[in-house]
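Residues per chain, in single letters:
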Amino acid sequence: MKIAIFASGNGSNFEVLAQKIIGGEIPGELALLFCDHPDAYVIERSRKFQIPVVTFTVKACGDKQAYEEKIAQVLEQYKIDFIVLAGYMRVIGQPVLSKYEGRIVNLHPAYLPAYPGLHAIERAFADGVAQTGVTVHYIDAGLDSGPIIAQKHVPLYSDDCLEDLEARIHACEHKLYPAVLKELLSKKGE
Ligand code: GAR
């Protein structure tokens, strides 16, 4: 099972997952990191793993359709079986979705269907909710709307600042995502 991780920015989830895939805790081969921001810190993080990295922007491709088609070609070139979105800040377009539906999972920093889309942590914090959460789900054509695989609540305390909530959510993600992928990919390998 050849796995591609897609990421756009910091890459803390990428790093946790890469360690566990390469270390054999999560089954599969980490065959590609794709990043849509050539300057993203996740690329720096990836260097210690010696895995193939492909990065290009929508702008460099001309438009979104050409960008998506180029990603589909790259996935074919690396013979990717399964896509893990870990902080990838774009919607997956049809050229990729049509080939990989049911084989793309996403991590979202909220308890979906609450707070889909961007800035989910900030919006939950601004609303002063008692709890928010983390969701792992399959991707479909909608915005964070695909079938849910696993979720966990994360509390927001009255004396929290935004950074406290962010740290609590990321800590939850770093546990939940590897656990879910371990189970999912073990089943797929059977
Ligand atoms: C994570 O909190 C992830 O849930 C979120 O981006 C962050 C990436 O952190 N993803 C989304 O918001 C997707 N819509 P990381 O780069 O440190 O892994």
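Residue positions within a chain follow its written sequence, with the count starting from 1. For a predicted model such as this one, the threshold for reporting local features is a pLDDT of at least 70, and the threshold for listing and counting side-chain atom pairs is 80 or more; totals across whole chains, interfaces and linings nevertheless cover every residue. Each side-chain value is derived from all of the structure's non-hydrogen atoms; neither hydrogens nor water enter the calculation.

As recorded in an unreviewed UniProt entry, the protein goes by Phosphoribosylglycinamide formyltransferase and comes from Ligilactobacillus equi DPC 6820. Here the protein is described in UniProt, under the heading Function (unreviewed entry), as follows: "Catalyzes the transfer of a formyl group from 10-formyltetrahydrofolate to 5-phospho-ribosyl-glycinamide (GAR), producing 5-phospho-ribosyl-N-formylglycinamide (FGAR) and tetrahydrofolate." UniProt positions are given in the numbering used here, feature names are shortened, and annotations may be inferred rather than shown by experiment.

Trainee: Outline the side chain of Ser-8, listing residues and values.
Mentor: By the criteria applied, helices consist of DSSP H or I runs no shorter than four residues and strands consist of E runs no shorter than two, each listed in order from the N terminus. Relative to the helices and strands, Ser-8 resides in the loop between strand E1 (2-7) and helix H1 (12-22). When a residue's accessible area, from a 1.4 Å probe over protein chains only, is under 20% of the maximum for its type it is buried; when over 50% it is exposed; and in between it is partly exposed. Using a relative accessible area of 6% as the deciding quantity, one classes Ser-8 as buried. Whenever a nitrogen or oxygen atom comes within 3.5 Å of another N or O atom, the pair is scored as a polar contact, on the condition that within protein one atom can donate a hydrogen and the other can accept it, and that pairs from neighbouring residues in sequence are kept only if both atoms are in side chains. Polar contacts involving the side chain of Ser-8 include one to the side chain of Asp-36, which spans 2.8 Å.

Trainee: Before we move on, can you summarise the UniProt feature "site: Raises pKa of active site His" (unreviewed entry) in the protein with the specific residues and values?
Mentor: As annotated by UniProt and renumbered to match this structure, "site: Raises pKa of active site His" (unreviewed entry) occupies Asp-144. One can find Asp-144 in the loop between strand E6 (131-138) and strand E7 (148-155). With near-sequence residues (within four places) excluded, Asp-144 lies in contact with Asn-106, His-108, Leu-112, Pro-116, Gly-117 and His-137. A polar contact of 3.4 Å, which involves the side chain of Asp-144, links it to the side chain of Asn-106. When checking whether two residues touch, look at their non-hydrogen atoms; a contact exists if any pair is within 4.5 Å.

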